[in-house]
Amino acid sequence: MIAHTRRSAPPERSIVHPRHPRRTLVTATAVGCAAVGSLAAIAAAAPGATAAPSSTLVLSEVFGGGGNTGAPFQNDFVELLNRSASAADLTGWSVQYLSASPAATTTWQVTPLTGGVAAGGHFLVQEGAGSANPPAPSLPTPDATGVINMSGSNGTVALVHGTAALTCKTAGDCAADPDIIDLVGYGTAVVHEGSADAPGLSNTTSARRADGPDTDQNGADFTAAAPAPQNTASAGTGGGTSGGSSSTPPPPPTPGPLRIHDIQGSSWVSPQAGNTVTDVPGIVTAVRTSSSKGFWIQDPTPDANPATSEGVFVFTSSTPTVAVGDSVLVSGTVSDYYALSSGETVSTTSNLSVTELTKPTTTVLSHGNALPAPVVLGPGTVPDTYAPDLGGANIETTPITPSRSALDTYESLEGMRVEIDDARVVGPSNSYGETYVTSKPAEAPTYRGGTELLGENRTPSGRIEVVPLTGGNPGADVGDVLTGATVGPLDWSSFGGYVIDSAPVTVAHHGLAPVVATPGTAKQLTVATYNVENLAPGDSAAKYQALGSGVVTNLGAPDIVALEEVQDNTGATDDGTVAADATLTKLTDAIVAAGGPHYAWREIDPANDQDGGQPGGNIRVAFLFDPSRVSFVDAGPADVNRTTTGTQVVKSHGKAALTLSPGRIDPTNPVWTSSRKPLVGEFLFDKQSVFVIANHFDSKGGDQNADGRFQYPQRSSEVQRAGQAQVVHDFVQSLLAVDKKAQVVVVGDLNDYQFSPALSVLRTGSAEGAGEAILTDLIATLPVDQRYTYVYEGISQVLDHILVSPTVDGDRYQVVHVNAEFPDQTSDHDPQVGTLSP
């Protein structure tokens, strides 16, 4: 998963992401905001790595001398003890063994478990047999059987919540594995809990757990003793107890000293991060059985502090066995989880964390309890300010202040049940089942039901993501409504910020129709721009058919169409191919099949792998034009390398002309590094020259997450786009310097907003807009509620533009919404068409 700023497309839209890819990324335990940048020092200062001490299932005895000379039993064994007051189901668990000094090729050996163990009871796992002859006595009837031949003196045994073989081979790595419930290293084992191993063993001794709580110190928790294996039918006292006979269950557990609000605290990072907590009470409010598996609990008796959440997520790694409505006590390790992209660390990521309980042991006290009432989100509970302006500082260094911003409010509710009633959809459902809604229907509405970005750092505070925990795609368009109450715990995702993990939703479809542009007259020139999203010959016939129909029916078969993201003839296959004639032929044929004109085209092949985008795809901009309406002025020698040779503006017969048409603008300028070079061409319409410049500026990839912890976020990609805008502005200015009446149309996916520094530079030559405007951005001629070309994570915004020089009248400008507001998209951008009178 690649981190990318929410306000833009993912870098060239070639990235996919799982819904909650928690354990495929890096889990970081924060120890306080001030220490975020000092992880190395923290690790160096930590003692021997430990997991969360278990108050329920533990390893109670380990014997590896079975069948050796003098051994009292023929087989090795591992014994478990259930110290809780409830029976435990071991189905899907395992006992695993690792040799004392594992090499690079050493693997954990696994014995899967099935069945259950009563409260206070034992569970006996028989392992491999030795070669004693005559054989030593058999073990009591085992509850599970494996074939692992354990060392009789040194080794490591783990109790694992799962059956996949572990991969850790150091004490620290194993302590960080949430699937390991308990572990004992004996003798000289490299992997052990605490500062020392359990004692070394022999053919006549086992490692037996002493009475008392689990301290995660193998040297203190285990002693060498004569083997005394017990199974589920046993009633003895061997193998370690929790005080008293193992046949007598301990008293029912009671809540520990900390509540959920103590764990969440009034800070963004838990004051208990890294600590072990015991018997935290709560009601199970939701269960996640896919991806990042676990469940949410919420305290039904909240404190009086509005900054402290009463809910928390319990990460189990395997499918939880609790049910909604269970009253539980949970013990585990508190962790603030950050989703990290490749190359990120906890100190550099702009993502917010989610407080979790990891390595949990759970005691169910009762079933069918009423759930805490949800907090209803809306104008009365969510501030109008989405995020505070901290000058780029980390919000996690400030206290949670719910009245300050929506981010603060949502953080104060993290893990708690929230509700939105009759939520209007502002971002269509996607393939991950994500749908964006608003809790504030009157906030910056678009004319088709979305919610609009009206300025830098003005994220609509009512926009929030909804993902049904049961999976599936709701198939909602912008303007549809999730009827009734949408309820679920509040989570955070690096894709879209805060999210409601909801119960199934019901969609009231309002039948949003694709836009059909009003066609121009015979005396008007129509120019369109369309990002066709990594179009390649291998794309489906349905995509080409939809693009063809969109150009003909929805755009009205414009005279000129500037295309962005046209891939080469082999698509993403990185084989050195740069030509795109097969791609363009297939598209123009689809347009003809849809009843459109026989478009001709012009484009310049890029240098291989130099223009960014999907690796191997060699995306570029291209012109389609209807030769029955306009003609293309081809200029310049045929043998010139137009990939690296830029076109120049010259004066010819008193008018502006190009040395190369089609030509690229300053293609070796560093501002175009790993980005598309602008394509300029001279067209003749009604005997008049019109210069069209097609662009695809650098993406917003690499910007800080606008839903994240640095506020306001850094937009580092703006620098390159502003530089690109300056080059194009200067080129337009050179055309106007030769002929002040030169007719220029600048189009394309500029990857930035109408109020951004880059667009100001393009129009005026100044990021502050101090210069004279030589171009008019036609998006500004529309009513405010129509100014958007793209919907990203539920926010309608402008990325695509048509700008014209002073002598070109923009008679009509239309954003043709056929993609961005619908789940079934041919591209993630909506095309636009300008009806012009040169």
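Structure shown above.
What comes next concerns the included structure. Sequence order as written defines residue numbering, which begins from 1 separately in each chain. Where local features are concerned, this predicted model is filtered to residues with pLDDT of at least 70; where side-chain atom pairs are given and counted, the filter is 80 or more; whole-chain, interface and lining totals use all residues. The basis for every side-chain value is the complete set of heavy atoms in the structure, and neither hydrogens nor water enter the calculation.

1. Observations concerning the packing of helix α8 (residues 718-738) against helix α9 (residues 757-764)
Where helices are involved, their axes are fitted lines through C-alpha atoms of the stretch in contact, as for all axes, and angles between N-to-C directions lie from 0 to 180°. Here a helix means four or more residues in a row that DSSP labels H or I, a strand means two or more in a row labelled E, and each is numbered from the N terminus. Put simply, α8 and α9 touch, their axes get as near as 8 Å, and they point 10 degrees apart. Classified by the angle between their axes, α8 and α9 sit roughly parallel to one another. Residue-level inspection shows Glu718, Arg721, Ala722, Ala725, Gln726, Val728 and His729 of α8 in contact with α9, the latter providing Pro757, Ala758, Val761, Leu762, Arg763 and Thr764. When residues are sorted by character, Ala, Val, Leu, Ile, Met, Phe, Trp, Tyr, Cys and Pro go into the nonpolar class, Asp, Glu, Lys and Arg into the charged class, and all the rest, Gly among them, into the polar class. Of the residues belonging to the contact of α8 with α9, the class tally is seven nonpolar, three polar and three charged. Orientation labels follow simple angle bins: below 35 degrees gives roughly parallel, above 145 gives roughly antiparallel, 65 to 115 gives roughly perpendicular, and whatever is left gives oblique. Residue contacts are counted whenever heavy atoms from the two residues lie within 4.5 Å of one another.

2. Some remarks on the sheet that holds strand β9 (residues 155-160)
Pairing is antiparallel in the open sheet, where four strands are placed in the order β5-β4-β9-β10. Edge positions in the open sheet fall to β5 (109-112) and β10 (180-186), since each of these has one partner strand only. Averaged over all adjacent pairs, the angle separating strand axes in this sheet is 15 degrees, with direction ignored. Looking at chain direction, strand β4 (residues 94-99) and β9 are connected through six bridges and run antiparallel. Counted as the bridge partner of Ser94 is Val160 from β9. A pair of strands is treated as paired once DSSP finds two or more bridges between them.

3. A short note on the nonpolar core
In terms of nonpolar packing, the biggest core is built from 29 residues, with Leu377, Tyr410, Val437, Ile464, Leu490 and Tyr498 touching the most fellow members. Broken down by secondary-structure element, the contributors of at least two residues to this core are α5 (406-412), β20 (417-427), β22 (463-468), β23 (481-493) and β24 (497-502). Top element by residues in this core is β20. It accounts for four residues. Not counting the four nearest positions on each side in its chain, Tyr410 is found in contact with Leu377, Val382, Ser461, Gly462, Arg463, Ile464, Leu490 and Tyr498. Take the buried Ala, Val, Leu, Ile, Met, Phe, Trp, Tyr and Cys residues and link them wherever side-chain atoms come within 4.5 Å; each set so joined is a nonpolar core. Accessibility here uses a 1.4 Å probe with only protein chains present; expressed as a share of the type maximum, an area under 20% marks a residue as buried, one over 50% as exposed, and anything in between as partly exposed. Residues Ile560, Ile604, Val630 and Leu679 belong to the second largest nonpolar core, which totals 28 residues.

4. Some words on the state of the cysteines
Sulfur atoms of two cysteines make up a disulfide when they are within 2.5 Å. Counted by the stated rule, this structure contains one disulfide. Covalently, Cys168 is tied to Cys174 through a disulfide, its sulfur atoms 2.1 Å apart. Here Cys168 and Cys174 share a disulfide; its torsion about the S-S bond, 95 degrees, makes the bridge right-handed. On the basis of relative accessible area, Cys174 is assigned to the buried category, the value being 4%.

5. Some words on the environment of Pro142
On the secondary structure map, Pro142 appears in the loop between β7 (122-129) and β8 (144-145). Along the chain, Pro142 and Val78 lie 64 residues apart, while their C-alpha atoms are 9.9 Å from each other. Not counting chain neighbours up to four residues away, the residues in contact with Pro142 comprise Leu124 and Gln126.

6. Examining the pattern of salt bridges
Only one rule defines a salt bridge in this text: a Lys or Arg side-chain nitrogen within 4 Å of an Asp or Glu carboxyl oxygen. Taken as a whole and judged by the stated rule, the model has 23 salt bridges. Of the charged contacts in the structure, one is a salt bridge between Glu603 and Arg620, with a shortest N-O distance of 2.9 Å. One end of the pair, Glu603, is in strand β28 (residues 600-603); the other, Arg620, is in strand β29 (residues 620-625), and 17 residues separate them in sequence. With a relative accessible area of 2%, Arg620 lands in the buried category. Residues joined by salt bridges that share partners form a network here, namely Asp182, Arg209, Asp214 and Asp221.

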